[in-house]
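# Observations on the three-dimensional arrangement
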Amino acid sequence: MSISTPGGPERRPTVVSTGKKPAAGRPAAGAKATGAKAGPSKSGSAQRAGGGKGPRKPITPVKVSQGRSWGPIALFVAVGVLAASIIGFGAWATFKGSQSWEDKAADIAGIVNYRETDPESLTYESHQSGKIEYKYSPPVGGAHNNAWQRCLGDVYDAPIASEHAVHSMEHGSVWLTYRPDLPAADVEKLASVIRGNDFMLMSPYEGLDAAVSLQAWGYQLKVDSADDPRIKEFATTLAQNASIEPGVPCSSGNYTTGTGTEPRELAPPTGG
Amino acid sequence: MSSAIQEAPPAERNGTELRRPSRTLRYLTLVMAAVLLLGVGWTAATLVADRAPGDESAEAGFARDMSRHHAQAVEMAMIAYAKGQDPAIRQMGYDMALTQQAQIGHMQRWLQEWELLPTGSRPAMEWMPDAVPVGQDGLMPGMATREEITRLHEAQGAEVDQLFVKLMINHHLGGVHMADGLLKVSDRAEVVRMAQAMKQTQQKEINELRRMAPAGG
């Protein structure tokens, strides 16, 4: 409403003024250009000066009225841009909130995605007993033992068999490994990320080439400090999401470190 | 916009009709304003009114924490199912393990629908109205310690039944307490329905467990 009201009174004289020009569109176009240069408010009054003389032709008003609409158009555009930005922000917020865990994972600096770079290393025929040679250290997927290592936020204080941990990762767990010589305070910091969180487990790992290495099925992140915020980011983003068997549990399975890194053959049904 | 304005003038025939463009503009403005208002309103409605529970909501906290609480119950119930001496204990173990594992699936599905991660960024149980502190061991109320679970794994015969009854009564008490906490603060239909069902089921099971082992309960 506020847009059309001021435009109303200005419009009439303008049309009249162009009416005295010959029917052609050229002069009118010139008038329009002047109006545009002068700005929305001035163009109206300038053209009004010539108003009230003679009858108008039907064609010319087309262009003149165009010239005089700059005010409303500017308002339209302003309101449109405002509305579009509000709607755009809503759409952006919705999109951002629905960012997939894969995208969130890809945003973690330094993460390696073996699902993309080396999917072959993650394939296997069936469960396998005994020791298994892994391409990466610590392993990030591939063949594994029949029994998984319990991953209900378990903090193991001694090394565990990779053959079980890889099975846990297949179930969607994040396996945090750390260099055995890390100070106890650092180990406790790491444990505070893992402890009590389902689909997470941690254990020391001999020969690790970084202070801390986090693994999920097909993903790995190595960091040099237990304080690195990416540790928690990796754990919360990938736990459970990285499962390739959705709905599978982390309960039961092996829960001791009694056999060290030697896999434990066919555990009893309850995982003992 | 400019094309719409160009269309208007050909309707003019005389002086009085010269106002038409302004009227058309007025209508156009009205229509545009209505469309924009609709757009803005729709956006606002999508953002606010129909919003799914957020990352720190009680509903999300409940879904995450109850999933974890359930996961331990599933482990205990599976031991009871596999090694319980009393057939009624084995039957109960089967029932609890399957029910609670399925409920974990429901709760995880909610988190997916709400576009939240399965793991929260806040401490467990922080969402509870009475702010239950979680111990250094990360265990929520009612949960068994690692040592207790290990003892249950290694128990034999009647000891399995006794230990299971004792641990599961505690576990269910914690579960009922958490469901109560959600019911106090949430009006989200599917979550409330689930919490009510859990509360009722677990209360009945507590009664049953107590009957099974009057000495141990």
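Reading the values: rules and limits
- Residues numbered from 1 in each chain as written.
- Chains lettered and ligands numbered in written order.
- Predicted model: local features only at pLDDT ≥ 70, side-chain atom pairs only at ≥ 80, totals over all residues.
- Helix = DSSP H or I, 4+ residues; strand = E, 2+ residues; numbered from the N terminus.
- Buried ≥ 20, exposed ≤ 12 C-beta atoms within 10 Å, placed from the backbone.
- Contact = placed C-beta atoms within 7 Å.
- pLDDT = per-residue confidence, 0-100.
- Right-handed = clockwise from strand over helix to strand, strands pointing away.
- Pairing = 2+ DSSP bridges.
- Axes fitted to C-alpha atoms, helices over the stretch in contact; angles between N-to-C directions.

Glancing now at the overall build of chain A. Each helix and strand counted, chain A has 10 helices and 6 strands in total. Taken across its 272 residues, chain A has 42% of its residues classed as buried. Contacts in chain A between residues at least 24 apart in sequence constitute 73% of all its contacts with a sequence separation of at least 6.

For the rest of this paragraph, the subject is the confidence of the model for chain B. Residues and elements named next belong to chain B. Per-residue pLDDT for chain B averages 87, and the proportion of residues at 70 or more is 87%. Helix 3 (residues 58-83) holds the highest mean pLDDT among the elements of chain B, 97, whereas helix 1 (residues 2-7) holds the lowest, 48. Predicted complex metrics record ipTM = 0.76 and pTM = 0.72.

Let us now look at the pairing of strand 3 (residues 174-178) of chain A. Residues and elements named next belong to chain A. Across the 5 residues that make up strand 3, a large majority, 5, are buried. Residues of strand 3 alternate between two faces, with Val174, Leu176 and Tyr178 on one and Trp175 and Thr177 on the opposite face, all of them buried. Between the parallel pair strand 3 and strand 4 (residues 200-204), the chain is carried across by helix 9 (residues 184-194), and the sense of this crossover is right-handed. Pairing analysis gives 4 bridges linking strand 3 to strand 5 (residues 212-216), with the strands arranged antiparallel. Bridging from a neighbouring strand, Thr177 pairs with Ser213 of strand 5.

Residues and elements named next belong to chain A. The 6 strands are arranged 1-6-5-3-4-2 in an open sheet whose pairing can be described as mixed. Two strands bound the open sheet, and with one partner strand each, they are strand 1 (112-113) and strand 2 (152-155). Two strands pair when backbone bridges link them, and strand 2 and strand 4 are joined in this way by 3 bridges, in the parallel orientation. Residue Asp154 lies in a different strand from strand 4, and its bridge partner there is Leu201. Packed on one face of the sheet, helix 8 (residues 162-170) meets strand 3, strand 4 and strand 5 and runs near 140° to strand 3.

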